[in-house]
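Coordinate inspection notes
Below are the chains, spelled out letter by letter.
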Amino acid sequence: MTNLIRAAEAGRTDEVLRELERGADLNGRDSRGRTPIMAAVHGNKPETVRALIEAGADINLQDNRKDNPFLYAGAEGLSEILQILIEAGADPAMTNRFGGTALIPAADRGHVDIVRMLLADSGVSINHVNNLGWTALLEAVILGDGGQRHTEIVQLLIDNGADVNIADHDGTTPLQHAKKRGYQAMIAALEAAGGK
């Protein structure tokens, strides 16, 4: 791991800037394919992320796992960093190793604030279908726990125009999945939105 990547992950912004002044590669990679900005995101260091963006870092490069700063911040619920990346013009159409946008793991992991932010500010596709055949709405039902956070995400997706009748590869709709699991609040929301 280079000094620059190590300093970025630790959030030592002054050291990061010194390394860049000495000619370190702003978009160089470590053995995991991580650039300095990806390492700063892994370390949850918003100030360092901002400094690297200002220095011209490529925010859309993906690591060996097909993660990039935007995808990782969305999946892990790093709202401050995600907002910085949205403002910097991160590409919301990029997909992770499962073929999903940042919205999909945010929905399945119950990150209400992240889902709200992505829907409001990023231009992410609400009905994107990943390699598993799932949309964010399907994942919130299938991988969620039926509790308050996942129910709130289902409602947010509905309110922002999600197609409630996009079925998975087996032809099962979000409403049918919610019924199988007995998630009453989700069932009510999906039925009210025209779910079949």
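The structure this text deals with has already been given above.
Below you will find a few notes about this structure.

Before going further, it helps to examine helix H10 (residues 148-159). Residue pairs three or four apart in sequence face the same way in an α-helix, which turns once every 3.6 residues. In this model, H10 (twelve residues) spans 16 Å end to end at C-alpha, consistent with the 16 Å of a helix rising 1.5 Å per residue. Looking at H10, one finds that the buried residues are His-150, Thr-151, Ile-153, Val-154, Leu-156, Leu-157 and Ile-158. Of the residues one or two after H10, Gly-161 is the one with positive phi, at around 95 degrees.

Below, the discussion takes up the nonpolar core. In terms of nonpolar packing, the biggest core is built from 58 residues, with Leu-52, Leu-103, Val-115, Leu-118, Leu-157 and Leu-190 touching the most fellow members. The element best represented in this core is helix H8 (residues 112-122), accounting for six residues. Every residue in contact with Leu-52, bar those within four places of it in the chain, is listed here: Ala-8, Val-16, Leu-20, Leu-26, Pro-36, Ile-37, Ala-40 and Ala-57.

Moving on, we come to the side chain of Asn-130. Within the element layout of this structure, Asn-130 appears in the loop between H8 and helix H9 (136-142). Its relative accessible area of 5% is what places Asn-130 among the buried residues. When residues no more than four places from it in sequence are discounted, the contact partners of Asn-130 are Phe-98, Gly-99, Gly-100, Ile-104 and Glu-139.

What follows deals with helix H11 (residues 174-181). When we look at burial in H11, the residues that qualify are Pro-174, Leu-175, His-177 and Ala-178. End-on, the buried residues of H11 take up no more than an arc of 160 degrees, which puts them together on one face. Buried positions along H11 lie against H9 and helix H12 (184-192).

Taken as a whole and assessed by the stated rule, the structure comprises ten salt bridges. A salt bridge links Glu-9 to Arg-34, with the shortest nitrogen-to-oxygen separation between them at 3.1 Å. Highlighted residues: Glu-9 in helix H1 (residues 3-10) and Arg-34 in the loop between helix H2 (13-21) and helix H3 (36-42), separated in sequence by 25 residues. We classify Glu-9 as partly exposed; its relative accessible area is 26%. Among the residues examined, Arg-34 registers a relative accessible area of 0% and is labelled buried.

Conventions used here
- Per chain, residues are indexed from 1 in the order of the written sequence.
- The predicted nature of this model means local features are confined to residues of pLDDT at least 70 and side-chain atom pairs, given and counted, to a pLDDT of 80 or more, with totals for whole chains, interfaces and linings taken over all residues.
- To obtain the side-chain values, all non-hydrogen atoms of the structure were included, while hydrogens and water were left out.
- Every helix listed is a DSSP run of H or I at least four residues long, and every strand listed is a run of E at least two residues long, numbered separately from the N terminus.
- A helix is expected to reach a length of 1.5 Å times the quantity of its residues less one.
- Burial classification: accessible surface area is computed with a 1.4 Å probe over protein chains only, and a residue below 20% of its type maximum counts as buried, one above 50% as exposed, and the rest as partly exposed.
- To qualify as a nonpolar core, a set must consist of buried Ala, Val, Leu, Ile, Met, Phe, Trp, Tyr and Cys residues joined through side-chain atoms within 4.5 Å.
- Any pair of residues with heavy atoms lying within 4.5 Å of one another is described as a contacting pair.
- Think of it as the arc spanned by the lines of direction from the helix axis to the C-beta atoms.
- A side-chain nitrogen of Lys or Arg and a carboxyl oxygen of Asp or Glu constitute a salt bridge if their distance falls within 4 Å.

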